[in-house]
Amino acid sequence: MCIQPRTGSEVPELTVKAARASNPRGTTAMAIRGHAGRWAFAALFLAITGLAAAIDHPDIQTLLWPTGSAFVVGLLYIAEGAARRNPLRYGLGTWLALTSTAALLLGSPAFYWVLTLADGGAYVLAALLERRRLGLATR
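Fair warning: this is a prediction, and the values are worked out from it, not measured in the lab.

Novice: For this particular structure, what's the right way to read the nonpolar core?
Specialist: Nonpolar side chains in soluble globular proteins tend to end up buried together. Ranked by size, the top nonpolar core spans six residues in total: Y77, L88, L92, L96, A122 and A126. Those elements that provide at least two residues to this core are α4 (87–102) and α5 (110–133). Of all the elements, α4 adds the most residues to this core, at three residues. In this view, L96 contacts A70, V73, G74, Y77, D119 and Y123; residues no more than four positions away in its chain are not counted.

Novice: When you look at unusual backbone geometry in this model, what are you seeing that I'm missing?
Specialist: Most peptide bonds adopt trans geometry, and most residues besides glycine take a negative phi value. Omega for the bond connecting S108 with P109 falls within 30 degrees of zero, at 5°, which places this linkage in the cis form. Structurally, P109 can be placed in the loop between α4 and α5. Positioned with a positive phi, R85 is a non-glycine residue whose angle comes to about 55°. Locating R85 in the fold gives a position in the loop between α3 (61–84) and α4. In this structure R85 comes out as exposed when scored by relative accessible area, which is 76%.

Novice: What's the story with α4 in this structure? I'm lost.
Specialist: The α-helix advances 3.6 residues per turn, and as a result positions three or four apart in sequence lie on the same side. For α4, spanning 16 residues, the distance from its first C-alpha to its last is 22 Å, which sits close to the expected 22 Å at 1.5 Å a residue. All of the buried residues in α4 are L88, L92, G93, L96, A97, T99 and S100. Taken together, the buried residues of α4 touch α3 and α5. For α4, the capping residue at the N-terminal end is N86, with a side-chain oxygen 3.0 Å from the backbone nitrogen of L88.

Novice: Help me out: how do you make sense of the side chain of E80 in this one?
Specialist: Within the secondary structure, E80 is located in helix α3. Here R89 takes part through its side chain, which lies 3.3 Å from a polar atom of the side chain of E80.

Novice: Would you take a moment to explain the pattern of salt bridges for this structure?
Specialist: When their charged atoms lie close together, side chains carrying opposite charge are able to pair. Within this structure, the stated rule accounts for two salt bridges. Salt-bridge contacts for R84 lead to E80; the nearest nitrogen and oxygen are separated by 3.7 Å. Taken together, the residues span about one helical turn, with R84 and E80 both in helix α3 at a distance of four residues. The class of R84 is exposed, set by a relative accessible area of 51%. For E80, a relative accessible area of 8% puts it in the buried group. Residues E80 and R89 are paired through a salt bridge, measuring 3.3 Å at the closest nitrogen-oxygen approach. Residue R89 is classed as partly exposed on the basis of its relative accessible area, which comes to 27%. Several salt bridges share partner residues, and in doing so they unite E80, R84 and R89 into one network.

Calculation notes
Along each chain, residues carry numbers from 1 onward, in the same order as the chain's sequence is written. Side-chain atom pairs in this predicted model are given and counted only at pLDDT of 80 or more, local residue features only at pLDDT of at least 70, and totals for whole chains, interfaces and linings cover all residues. In computing side-chain properties, one takes all heavy atoms of the structure into account and sets aside hydrogens as well as water. By nonpolar core is meant a set of buried Ala, Val, Leu, Ile, Met, Phe, Trp, Tyr and Cys residues that side-chain atoms within 4.5 Å join together. Only protein chains enter the area calculation, which uses a 1.4 Å probe; residues under 20% of their type maximum are buried, those over 50% are exposed, and those in between are partly exposed. Helix and strand definitions follow DSSP, with helices as H or I runs of at least four residues and strands as E runs of at least two, each counted in order from the N terminus. Note on contacts: a residue pair is in contact if any heavy atoms of the two residues lie within 4.5 Å. To estimate how far a helix should extend, the number of its residues minus one is multiplied by 1.5 Å. Each polar contact in these results corresponds to two N or O atoms within 3.5 Å; when the atoms are within protein, one needs to be able to donate a hydrogen and the other to accept it, and residues that are neighboring in sequence are counted only if both atoms are side-chain atoms. Should a side-chain nitrogen of Lys or Arg be within 4 Å of a carboxyl oxygen of Asp or Glu, the pair is scored as a salt bridge.

Written out as structure tokens, the structure is:
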């Protein structure tokens, strides 16, 4: 649990005490999420490299790396959205995980178009919605 307040907001003292008591070493959910990203990409490397070697088809890596990376990032965004109670991050993660893996059904080159347009478009939309959520919309 992160107990650092956002700019302009206050965290009630009782909340701070409860958060520190439940987590005396100070490990936050976001620090754990950061470590999870490292381990997830290490596992992804082993899985893709091992699969490509096992089936003796090294070209499969050109499909699995973009898909696997977007899938892992999507799962990390889901975790971050859940930890921070941020539905925008949670939704973006869900979209990335689902569209990147569903794109495998299309094969190449449509696969790359789905990743570019669907996932890239989701990032653009999320950036616009995040500005609105934080009240930073330009007038």
